[in-house]
Amino acid sequence: MTREEKSVPVHCAIIMDGNGRWARKRMLPRILGHRAGASALVRIVRAAAERGIRYLSIYAFSTENWKRPKTEVLGLMALFRSYARRKVQELAKENVRLRIAGRIDLFPQDLRDLLEYAQKETSFENPRMTLIACLNYGGRQEILDAFRRIREEGYDRELDEEAFRRYLYLPDIPDPDLIIRTSGEMRLSNFWLWQASYSELYFSESLWPDFDENELDKALSAFSKRERRYGNVQLGTS
Ligand code: FPP
């Protein structure tokens, strides 16, 4: 294994931003930007698996996205439906496991059924990669949901980080090593708030539909040069 391969993030998370601006630049409706974004996602899922990333998480719909115009929200739901329907077999063939993080109980029932089916069909024990779709996801909501469950259970033991983590949506998924956000915005926007404590952040000027394998490689190369200290001092210095 080369040095470069060794420093591939185990979990890479992506905030896919800029679909609207991509569409506006072409005088197209926003939903066509999301469609182009979905095609970009297919390419990046394949590329991420090829590069040895074990967990790829994508912020596809935030708890705040309900505030968008109704037509856009309905268009996004239709897009999720269509991908959940059409891409399950492809994911299964590639040995990619799909998992969902977020309150999909607030999604239409037929979409929930499709997402449940897609997760079941790809529930490999040893997947090549796990794709985590964050849908109706919010970091603050996830932390609140954890607290609610802890309270409902009447939890009365010592509550440390490890114990708390068990109440998050996907406690077995390692924290993101690298979080990429496209379109030049430099915020987390409520993504993986608990899990992002020590994530490396990378911001790309590309709008999400333009983000390709080459852009991914640039992000991975920048990551491989980062020195992760987790609050410790730099090793090998006085
Ligand atoms: C942000 O761009 C993008 C989203 C809110 C939606 C992301 C969804 C996809 C890429 C669709 C594909 C997903 C799946 C799971 C099939 P924006 O609309 O905020 O862009 P803007 O900031 O330029 O307006």
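Scroll up for the structure.
So, here is what we can say about the structure in this document.

**Examining helix α7 (residues 139-153)**
For α7, with 15 residues, the first-to-last C-alpha span of 21 Å sits near the 21 Å given by 1.5 Å per residue. Looking one or two places after α7, you find Gly-154, whose phi comes out positive at around 70°.

**Remarks on the side chain of Asn-19**
As for its placement among the helices and strands, Asn-19 is situated in helix α2 (residues 19-25). Relative accessible area serves as the criterion here: at 10%, Asn-19 is assigned to the buried category. For Asn-19, the residues in contact, after removing those within four places along its chain, are Gly-33, His-34, Gly-37, Trp-208 and Pro-209.

**A few points about unusual backbone geometry**
Positioned with a positive phi, Met-27 is a non-glycine residue whose angle comes to about 55°. Within the secondary structure, Met-27 is located in the loop between α2 and α3 (30-50). One non-glycine residue, Ser-189, adopts positive backbone phi at about 50°. Mapped onto the secondary structure, Ser-189 falls in the loop between β5 (178-181) and β6 (200-203).

**A closer look at the packing of aromatic side chains**
The final tally for this structure, using the stated rule, is 16 aromatic pairs. Each ring, one from Phe-61 and one from Phe-80, has its centre 6.2 Å from the other, and the planes form 90°; the classification is edge-to-face. Of this pair, Phe-61 sits in strand β2 (residues 55-62) while Phe-80 sits in helix α4 (residues 70-86), and the two are 19 residues apart along the sequence. Of the two residues, Phe-61 and Phe-80, neither departs from the other in class, the shared state being buried. Between Tyr-137 and Trp-192, the ring centres sit 5.1 Å apart and the planes meet at 65°, which makes this aromatic pair edge-to-face. With a gap of 55 residues between them, Tyr-137 in strand β4 (residues 129-137) and Trp-192 in the loop between β5 and β6 connect regions that are remote in the sequence. Of the residues examined, Tyr-137 reaches a relative accessible area of 0% and is grouped as buried.

**Describing the site of the ligand**
Within the structure, the ligand sits among 18 residues, and Asp-17, Gly-20, Arg-21, Arg-30 and Arg-68 are positioned closest to it. Within the backbone of Arg-21, a nitrogen or oxygen atom sits 2.7 Å from an oxygen atom of the ligand. Within the contact set of the ligand, an oxygen atom lies 2.8 Å away from a side-chain nitrogen or oxygen of Arg-30. Protein contact buries 89% of the 620 Å² of open area that the ligand shows by itself. The element best represented in the shell around the ligand is α3, accounting for five residues. Per-class residue counts for the shell around the ligand are eight nonpolar, six polar and four charged.

**Some remarks on the nonpolar core**
Grouped together as the largest cluster of nonpolar side chains are 45 residues, with contacts concentrated most on Ile-14, Phe-80, Phe-107, Leu-135 and Ile-180. At seven residues, the largest contribution of residues to this core is made by α3. Beyond its immediate sequence surroundings of up to four residues, Phe-80 is in contact with Ala-60, Phe-61, Phe-107, Leu-111 and Leu-135.

**As for the pattern of salt bridges**
Scanning the model with the defined rule gives 22 salt bridges in all. Note that Asp-110 and Arg-81 form a salt bridge whose closest N and O atoms lie 2.7 Å from each other. Remark: Arg-81 occurs in helix α4 and Asp-110 occurs in helix α6 (residues 109-121); sequence separation between them is 29 residues. Glu-94 is the salt-bridge partner of Arg-128, the closest N and O atoms lying 3.1 Å from each other. One end of the pair, Arg-128, is in the loop between α6 and β4; the other, Glu-94, is in the loop between α5 (88-93) and β3 (96-101), and 34 residues separate them in sequence.

How each quantity is defined
Residues numbered from 1 in each chain as written. Predicted model: local features only at pLDDT ≥ 70, side-chain atom pairs only at ≥ 80, totals over all residues. Heavy atoms only, no water. Helix = DSSP H or I, 4+ residues; strand = E, 2+ residues; numbered from the N terminus. Expected span 1.5 Å × (residues − 1). Buried < 20%, exposed > 50% of the residue type's maximum accessible area, 1.4 Å probe, protein only. Contact = heavy atoms within 4.5 Å. Phe/Tyr/Trp six-rings, centres within 6.5 Å; stacked < 30°, edge-to-face > 60°. Near = heavy atom within 4 Å. Polar contact = N/O pair within 3.5 Å; in protein donor to acceptor, adjacent residues only side chain to side chain. Areas by Shrake-Rupley, 256 points an atom, 1.4 Å probe, with all protein chains shown as cover. Nonpolar A, V, L, I, M, F, W, Y, C, P; charged D, E, K, R; others polar. Core = buried A, V, L, I, M, F, W, Y, C linked by side-chain atoms within 4.5 Å. Salt bridge = Lys/Arg side-chain N within 4 Å of Asp/Glu carboxyl O.

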